[in-house]
Amino acid sequence: DSPTPSDSKPRILLMGLRRSGKSSIQKVVFHKMSPNETLFLESTNKIYKDDISSSSFVNFQIWDFPGQVDFFDPTFDYEMIFRGTGALIFVIDAQDDYVEALGRLHLTVSRAYRVNPEINFEVFIHKVDGLSDDHKIETQRDIHQRANDDLADASLEKLHLSFYLTSIYDHSIFEAFSKVVQKLIPQLPTLENLLNIFISNSGIEKAFLFDVVSKIYIATDSSPVDMQSYELCCDMIDVVIDVSCIYGLKEDGSGSAYDKESMAIIKLNNTTVLYLKEVTKFLALVCILREESFERKGKPSTPAFPHYCIKQSLNSFLPIIVQSSVTSLPQAQN
Ligand code: GDP
């Protein structure tokens, strides 16, 4: 099934050699498959178009290409495909010899760049769970160096490649996908500013705007993201959705595990408080704060609203965040 000109959604292409991990990435990030199950995936042997816009706020498609795309095959209209592409992710298996992958990377990005220089070129150095920390850094340096040398030899210095170390066995793949998706959101600075104002008004340490289904974060305030905070927020989404699936649905199983009423506070035993609130059908605001500021900001005398101030800030900021997040993505529904 080939793309038509009416396919106007921003597209992310997932490419790379056979067995590099493309289907696994897609299944783990967008279809909640557990990493171990990917061991039994059949290898990709066709162009796979996965339209996730009905379940996710992120309104784009993933094209899972077979490893051996033949650019000289006249039936393969790569020009059409590249013209409609927002980001091209090239997956390299870091546990394997990557010389062939680098050749393929160069061929692919140089072709794509000639058709559409606006594409964001993203390289996932993948399966790094099998590498020691030193080995990871050395592999990234080596791949970075060789890929850019190849571009320089072809006088394509203007073609910029971004590199990410990824694995489906931890949160790095979600983190990398978040960055890729964020680059495709034109109003990202507006969203970030809003979140900055929001946290400074409510004593919150860190706030993420999450796509609930994929656990990609669409935006966060400008304080640095540490992996642990991000993982904590991802875990909270899982807990909330799971509990809601078990206890939140009607007797006959109807209803939604995530809706306008969705809201949760979890206090951890290390004085951290996690706060989740529905923003739209697909988005949630997830915040991290200290117990002290949670209590100080609240009114202990009104036990029903210990999170009084946060609630107030949320009430004033959520509508603006919703507004700008809805207008920020082309064709975002809801
Ligand atoms: P594709 O042909 O590019 O779609 O590759 P697959 O998704 O079928 O993956 C090939 C193999 O790599 C499978 O056995 C996966 O379990 C494995 N794999 C995928 N991602 C990772 C990863 O991050 N770490 C490790 N160790 N293995 C992975």
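The structure we're discussing is the one just above.
Attention in this report is confined to the structure presented alongside it.

About the cut-offs
Residues numbered from 1 in each chain as written. Predicted model: local features only at pLDDT ≥ 70, side-chain atom pairs only at ≥ 80, totals over all residues. Heavy atoms only, no water. Helix = DSSP H or I, 4+ residues; strand = E, 2+ residues; numbered from the N terminus. Buried < 20%, exposed > 50% of the residue type's maximum accessible area, 1.4 Å probe, protein only. Polar contact = N/O pair within 3.5 Å; in protein donor to acceptor, adjacent residues only side chain to side chain. Contact = heavy atoms within 4.5 Å. Salt bridge = Lys/Arg side-chain N within 4 Å of Asp/Glu carboxyl O. Axes fitted to C-alpha atoms, helices over the stretch in contact; angles between N-to-C directions. Parallel < 35°, antiparallel > 145°, perpendicular 65-115°, else oblique. Nonpolar A, V, L, I, M, F, W, Y, C, P; charged D, E, K, R; others polar.

A separate point is the side chain of D221. Looking at the element boundaries, D221 is found in the loop between strand 8 (216-220) and helix 7 (227-248). With relative accessibility at 2%, the residue D221 sits in the buried group. Looking at D221, its side chain comes within polar contact range of the main-chain nitrogen of A207, at 2.9 Å. Apart from residues lying up to four places away in sequence, D221 is in contact with E192, L195, N196, I199, E205, K206 and A207.

Counting buried residues in helix 1 (residues 22-30) gives eight out of nine residues, a clear majority hidden from the surface. Listed in full, the buried residues belonging to helix 1 are K22, S23, S24, I25, Q26, V28, V29 and F30. Directly beyond the C-terminal end of helix 1, a positive phi value near 55° is found at K32.

Moving on: the pattern of salt bridges. Applying the stated rule across the entire model yields eleven salt bridges. For R83, the salt bridge is made with E79, and the minimal N-O distance between the two is 3.4 Å. Linking R83 with E79, this pair stays in helix 2 (residues 78-83), spanning four residues, or about one helical turn. When its relative accessible area of 37% is taken as the criterion, E79 is described as partly exposed. Between E122 and K183 there is a salt bridge, and its shortest N-O distance comes to 3.2 Å. Of the two residues, E122 sits in strand 5 (residues 120-126) while K183 sits in the loop between helix 5 (172-182) and helix 6 (188-202), which places them 61 residues apart along the sequence. Salt bridges here are not isolated pairs; linked through shared partners, they connect K32, K215 and D238.

Quick look at the packing of helix 1 against helix 5 now. Taken N-terminus to C-terminus, the directions of helix 1 and helix 5 make an angle of 85°; their axes are 10 Å apart at the nearest point. Taken as axis vectors, helix 1 and helix 5 run roughly perpendicular relative to one another. Contacts between helix 1 and helix 5 pair I25, V28, V29 and F30 from the former with I173, F174 and F177 from the latter. Across the contact of helix 1 with helix 5, the residue classes tally to seven nonpolar, no polar and no charged.

To continue, consider unusual backbone geometry. Unusually for a residue other than glycine, K32 sits at a positive phi of about 55°. As for its position among the elements, K32 is in the loop between helix 1 and strand 2 (48-51). Unlike most non-glycine residues, K127 shows phi in positive territory, near 65°. Tracing the backbone shows K127 in the loop between strand 5 and helix 4 (133-153).

Worth remembering: the numbers are spatial, not functional.
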